[in-house]
Every structure is written in C-alpha cells, then in structure tokens.
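This is what each chain is made of:
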Amino acid sequence: MLSPERMAKLAHRLLSPEMKDRLHNFHFEDAGHGYDAFGMHPSAIHLGIGLFSWIYESYFRVISKGADKIPAHGSAILAANHSGNLPIDAMMLWNDVLRQTHPPRVARGIADHFVPALPFIGTLFSRGGMVGGSAGNVRSLLNQGELLMIFPEGVPGIIKPWEQRYQLQTFRVGHAQMAIQHGCPIVPVGIIGAEEQLPSLFSSKRLGKIFGIEAVPIPLVPVPLPVRYRIYYGEPIPVQERYNPSQADDPLILKEVAEEVKAAVHVLIQKGLSDRTGVFQ
Amino acid sequence: MNVLVTGASSPIGEQVVQRLLRDSRVAHILAVADKGVPFSIPENPRITLTEIKFKSQRQLHTLLFGLALKKSVQVVIHTSQAESANREGDSVHAHNVESLRALVKFSERHPTIRRLVIRSSGAVYQVQRDLPALISEDHPLNMAAGAPQWVRDRVEADFTACARMGLSTLQVVVLRMAEILASGCGSQMYDYLDSSLCLRPIGFDPMLNFLSLEDAAQAFQHATHTSEQGVFNIPGADTLPLTEVISLWGRPSVAMPEPGIYWMYKVRQHLRGGQFRYGMNRRRFHYPGILDGRRAMDVLRYVPSQSVSWPELKE
C-alpha cells in the first residue's frame, strides 16, 4: 500500500483544481493519526477520485440524476441494486456521491464478510471508506452520522446470470432494521448499465468456496465493456417518521420496509431503462 | 478516600499511584508491590508501601484484613498481572486468576472496601473478519481452544470479576484496556517493535489502537471516583494502521507471506527469547480491532488525551 504522503502527492497530480477544492471538506472523523477508526484516509479518497476520473467521465460516461435527494448531513442509507460480476457499480456510485453531493459526502460501502479478508483489496477498500458487513460496524457508522452504501441483494445480485439481468433478487432486511433503529432515511438507488459490463460464461462454485461465497462468475470478456452507466436516486423513504426504534425487531415491518425499498429501486431501474436508447449510449 | 493499589511497582501501578497522589480527593494510598520487584515511588507521607506475593491468598488476606482495614481502604485498584507471555503454569494462573478470585471474595466481606477496580485487557476479545472492527463491551470473547495461557488467564480473570457484579454491595468495575505500548506492561507489540526489522503479512494493514500509561492511569482514577459498576473499554488516543505504527517506531518493515513470518518469529523467540508470538497476534495482523470507548466516555467521563510517546515524532 502507498503511504498517505505518496497517495496525496499522486492525487495532487491527478485531480483538477476544481475537484481539489470540492473534496477539501468532506465529513471525516479523524481517530488521531489522519485515519478514521475503520481505516479511511482522506488522501485515499482524493486518490480514488483522481484514479477513477477517466473511467467515470469517459469510459462509463456516468449520467447521474437526483443526487440532491441524498441528505446533506446526518446518517442515511443508500440502498442500490447490485450487478455486473465485479463491484464496479459500487465504485461508480461511490464516485458519483462524492461528485454530486454538496458538501461532498463519502458513501461508506458495506461489504460482505469475505472482502476484508482479501489481501490488498481489503486494505485498499477500507482506506476508501468501506467496512466489513457486521451489524456492529453499521451501527457505529450510523452513530457517527455517516452515509452508508448498501446493496441489499448481496452476492446473489452481483453474480446473477445474464438472463436474469435487471431482475432484482431478494432484498435482505438488515438495512431496514438499521434505518429504523437509528431513525435514518433510506434513499433508493437504481444503477443501470452495470448488468451489461461484464457478461459471464458461467459461475464456478469451486472458486466460490475459496472466497467463502456462493460462486465466482467467469467473465466472457477480459475487461469490462464501455457501457453507459446511469445512476438514479429516488425520494428518501422516511422510515424514521413512520416507525419508532422499538419496531426494529418486528420481522413483518422489516420485510415490509425492505419490499418498499425494492419496489422503489425497481421503479428507478425501469425509468433508467426507458431513458436509454442503447447499452452503450 | 483511601485507595489500595496492587502491582504498585509495575509501570502501570506506579503511574496510577503518581496520578492519585495529585488527586486531592485521595487521602491515603496503600501501594502494594509484587514481592521482589523494587519500588521506584519516592517516599511520601500519603503513601504506605508494602509488598506481598500475590499468588499467596494467605498473604492477600492478611493484607486486606490487616493493614488495609487499619487504613480504612475504600477502593482497591487491582493492576497486578503476570505480564510475560513466556511464563506459563499453575504459578502464573494463581497470580492472574486465583489471586483475583480471592481478592473479590475478601473484598465482598471486607468492612471498609466498597469498590474494586480491575485491570483487564482488550486481548480478551475475539478478532476475526466477520466481527465488528469497532469492539463494544458485548463483543465475543476469545474462547479459542488453542489460545495461550496469557490470553486464557485474562479471559478467566475477566469472567471471574464479571460473575460477581451486582451480587453484593461491592461495586466491581472491569477496565478492558487497549494495549499499552510500553515496557513492562505485557505488550506484545512493544516486543514486536523492539526487533531491528518488523515482518508483516503481505496485503494486510489493519487498524490498531494503543493506550499510553498516562491514559491508563486516568481511566483508573475516573473509575475510582464514580459509583457506577460494569465493564468498560478503555481505548487509547492512537488509532493507526500497522505500517504507520512500525514507521512511527522508526523500524523498517518487510511484507511477506504468512507461514514465513510465523517461522521467522518462532526462530527469533527461540534464539532471543522475546515475548512476541506471531501465532497469538495473527488475527490482529490481518483484521482491525479497535476498542469502542463510548461507554467509558459516557459513564466514567474517560476521554483518551495522551498519545503514546512515538520515537519518530519525538525527533
């Protein structure tokens, strides 16, 4: 891993003056040595934006709509559909939130348990704000007033076969429970384009066992295709106004909220699909 | 208020005694050292120095119902522990666990002692990839079958104290402290950083937290003066990744695959007799584990304020 000083130097070379100004003041809780308690470092955020600029702007040519619906302050949960065999959708959403919010906010990705155990990748992601998907981590971040980025479909969403593209998998209820417990809104997000970025030949269950997940998809193409990404944000679902924290243990309410979020994401996906004239346009 | 401090000749015990001396609410300190470890605390009319063998329950009984009763001790701060990870066996267990069991039992029926503040360790917690990085007091404990006695003793001592909470008028406070990065405090990392070259697992750079001796003493002082009981995490002011720790200590490091590191440190321990055991720290070198100190902040009003004395920052 690069040291924070080297990351800062590299980011300085990659970022435009406007972007440097923009990124100057994002919410960050320094735990004492320039890192937050989960390992996020501002230089890594700057470097991430610098490195992904070309991919975001020129390769995937991301169109973003409705980012003003993301709360400017306080805890909130972004709940998005997950697809594409590699978590590029998470990277684009992370970039988009930092670029489109005022003041800029870092979407703290909640990853599956196997991600922090991956050499290099786990460390790299944690410097960018990702945390392992345990209830304790999510609780701590929401207590700190952070914006979370959750993919309620989990691994089944990202590895689903080509013929199931844009069909939402079962939404887990963890995000609903945390939102009710902490009294924060859920912002539905529809991501269009990721489904076609990396079509897979088949999924290997044997490889999946190594990583402790269901299966690992084997892609048809060596690099992701330059599809056009569309990221649509929906109206925040104000669960904090409808439920009190004691209702966070009611399985029926959790299911109901998760279904509502799923329906909202579905509407955004349909809107995005009707807006586009082709996969690459 | 009169306070008894065990382990008073250890770096942490000494720091506690010195802090209590500056506290006007503390009238007298009964400083008890482990037999054979010389005191470095200067003489003071507010301090009575004595020494006992902690593994001897008879000596402990004589102390509590003799000198401590005479001095009307109200609060006992227990910091005494066998620090070395290399020492194992019944004698070490008697010091770490049985002496604590006896201390709790004697304190419960003691006529003047009303509060017992016990030093525990963040090492009692399990660290693994699917557990929270920020460790709260209800985090799973390290009950691994293959854990070394150093860890098992600390978990058992912690349990022993927790099991008596609320069962008598004695208020029991357990302080689970982050690693104190100092000599003589049982710090595995201190010994790790003592090497001229630090080996670390390739591809991992977990977040770690360290406590300074000053903040550890501060936590004991706060716990002495409140009326609350329970378990409290005591984090330090330094939260940083492993590579930064090594760099601030002024050591070079080499990242290498895991089996290599394990064997290199095994050989080092065999040749040099150091305290650091890679097997004991393996998970900490892969996954983050930071003590969440919110409860201590809310209840004890403890806020870490003193950073570890990093050699590179001094220069």
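Colleague: Now, about the packing of aromatic side chains: what can you tell me, with residues and values included?
Modeller: All names here are of chain B. Under the criterion given, the structure shown has 14 aromatic pairs over all chains. Through successive ring pairs, a cluster of aromatic residues spans Tyr192, Tyr265, Phe276, Tyr278 and Phe285. Across from the ring centre of Trp150, 4.0 Å away, lies the NZ or CZ of Arg154, which sits over that ring. The lysine or arginine in question, Arg295, covers the ring of Phe232, its NZ or CZ lying 4.5 Å from the ring centre.

Colleague: Lay out the sheet that holds strand β5 (residues 115-121) of chain B with the relevant residues and their values.
Modeller: Each strand in a sheet pairs with another by means of backbone hydrogen bonds, the pair being arranged parallel or else antiparallel. Residues and elements named next belong to chain B. In spatial order, the strands read β3-β2-β1-β4-β5-β7-β11; together these seven strands make up an open sheet with parallel pairing. In this open sheet, the two edge strands, each paired with only one partner strand, are β3 (47-52) and β11 (230-234). Direction aside, neighbouring strands of the sheet carry axes that sit 20° apart on average. Bridge count for strand β7 (residues 171-177) against β11 is five bridges, and the pairing is parallel. Paired with Val174 across the two strands is Val231, which belongs to β11. In this fold helix α3 (residues 90-108) packs onto β2 (28-34), β4 (75-78) and β5, with an angle of close to 165° to the strand it touches most, β5.

Colleague: Explain the packing of α3 of chain B against helix α4 (residues 149-163) of chain B residue by residue, including any values.
Modeller: All names here are of chain B. With their axes 9 Å apart at the nearest point, α3 and α4 run at an angle of 5° to one another. It follows that α3 is roughly parallel to α4 by the angle criterion. Judged by residue contacts, Val92, His93, Asn96, Val97, Leu100 and Arg101 of α3 engage Gln149, Asp153, Arg154, Glu156, Ala157, Thr160 and Ala161 from α4. A per-class count over the contact of α3 with α4 returns five nonpolar, four polar and four charged.

Colleague: Before we move on, can you summarise the layout of surface pockets with the specific residues and values?
Modeller: Residues and elements named next belong to chain B. Its boundaries defined by the atoms lining it, the second largest pocket holds a volume of some 780 Å³. Around the second largest pocket, the lining is made up of 40 residues, and of these Gly122, Ala123, Tyr125, Met280 and Arg284 lie nearest the centre. Of all the secondary-structure elements, those providing two or more residues to the lining of the second largest pocket are β5, α4, β8 (179-180), β10 (207-211), α9 (278-281) and β14 (290-291). Each residue belonging to the lining of the second largest pocket can be placed in one class, and the counts come to 19 nonpolar, 14 polar and seven charged.

Colleague: Kindly report on the interface of chain A and chain B, identifying the contributing residues and their values.
Modeller: With 25 residues of chain A at the contact, the number on the chain B side is 25 residues. Carbon and sulfur atoms make up 56% of the area that chain A and chain B hide from each other, which totals about 1,900 Å². Linking chain A with chain B are one salt bridge. Across the pair Asp205 of chain B and Arg127 of chain A runs a salt bridge whose closest N-O atoms are separated by 3.2 Å. Across the chain A-chain B interface, the total number found is seven residue pairs in polar contact (both at pLDDT 80 or more).

Colleague: Could you give an account of the confidence of the model for chain B, naming the residues involved and the relevant values?
Modeller: When pLDDT is low, close inspection of the predicted coordinates is not appropriate. Of the residues in chain B, 99% have a pLDDT of 70 or more, and the chain-wide mean is 93. Across chain B, element-level confidence peaks in β4 of chain B with a mean pLDDT of 98 and bottoms out in helix α11 (residues 311-314) of chain B with 76.

Colleague: I'd like a rundown of the environment of Ser120 of chain B, residues and numbers included.
Modeller: All names here are of chain B. Relative to the helices and strands, Ser120 resides in strand β5. Residues Ser120 and Gln57, spaced 63 residues apart in sequence, show a C-alpha to C-alpha distance of 20 Å. When neighbours within four sequence positions are excluded, Ser120 is seen to be in contact with Gln81, Arg154, Asp158, Val174, Leu175, Arg176 and Met177. One polar contact links Ser120 to Asp158, side chain to side chain, over a distance of 2.6 Å.

Colleague: Which residues make up the environment of Met280 of chain B, and what values go with them?
Modeller: Relative to the elements of secondary structure, Met280 of chain B occurs in helix α9. Here the alpha-carbon distance between Met280 of chain B and Gln188 of chain B, two residues 92 residues apart in the chain, equals 9.0 Å.

Colleague: Explain the sheet that holds strand β12 (residues 238-241) of chain B to me, and be specific about the residues and the numbers.
Modeller: Residue and element names in this part refer to chain B. Read from one edge to the other, the open sheet built from three strands follows the order β8-β10-β12, with strand pairing classed as mixed. Unpaired on one side and paired on the other, β8 and β12 mark the two borders of the sheet. Across four bridges, the pairing between β10 and β12 is antiparallel. Counted as the bridge partner of Leu208 is Leu240 from β12.

The rules behind these values
Throughout this description, residue numbers start from 1 for each chain and increase along the sequence as written. Just so you know, chain letters begin at A and ligand numbers begin at 1, following the order they were written in. Thresholds applied to this predicted model are a pLDDT of at least 70 for local features of residues and 80 or more for the giving and counting of side-chain atom pairs; totals over whole chains, interfaces and linings are not thresholded and use all residues. The side-chain numbers reported here are obtained from all heavy atoms of the structure, hydrogens and water having been left aside. The pairing test for Phe, Tyr and Trp rings, Trp by its six-membered ring, is centres within 6.5 Å, and the orientation test on the planes gives stacked under 30 degrees, edge-to-face over 60, and tilted for anything in between. Two thresholds decide whether a charge sits over a ring: the Lys NZ or Arg CZ must be within 6 Å of the ring centre and within 35 degrees of the ring normal. Strand pairing follows a simple DSSP-based rule, namely that at least 2 bridges must link the two strands. Think of it this way: any DSSP run of H or I at least four residues long counts as a helix, any run of E at least two long counts as a strand, and we number them from the N terminus. Here, axes are lines fitted to C-alpha atoms. For helices the fit covers the stretch in contact, and angles between N-to-C directions go from 0 to 180 degrees. Here, residues are in contact when the closest pair of their heavy atoms is within 4.5 Å. For this classification, under 35 degrees means roughly parallel, over 145 means roughly antiparallel, 65 to 115 means roughly perpendicular, and everything else is oblique. Note that Gly is not counted as nonpolar here; it falls among the polar residues with everything else outside the nonpolar set of Ala, Val, Leu, Ile, Met, Phe, Trp, Tyr, Cys and Pro and the charged set of Asp, Glu, Lys and Arg. Only protein atoms enter the calculation, which uses a 1 Å grid: trapped sets of points that fit a 1.4 Å probe without letting it out are cavities, open sets showing protein on both sides within 12 Å along at least five of seven lines are pockets, and any residue with an atom within 4 Å of a point is a lining residue. Grid points are joined across faces, edges and corners, and a volume is the space filled by probe spheres set on the points. Note on terms: buried area is the combined drop in 1.4 Å-probe accessible area of two parts once they are placed together, counting the loss on both. Every case where a carboxyl oxygen of Asp or Glu lies within 4 Å of a side-chain nitrogen of Lys or Arg is listed as a salt bridge. Think of a polar contact as two N or O atoms within 3.5 Å of one another; within protein, one of them needs to be a possible hydrogen donor and the other a possible acceptor, and neighboring residues in sequence only count if both atoms come from side chains. Confidence scores labelled pLDDT are given residue by residue by the predictor and lie between 0 and 100.

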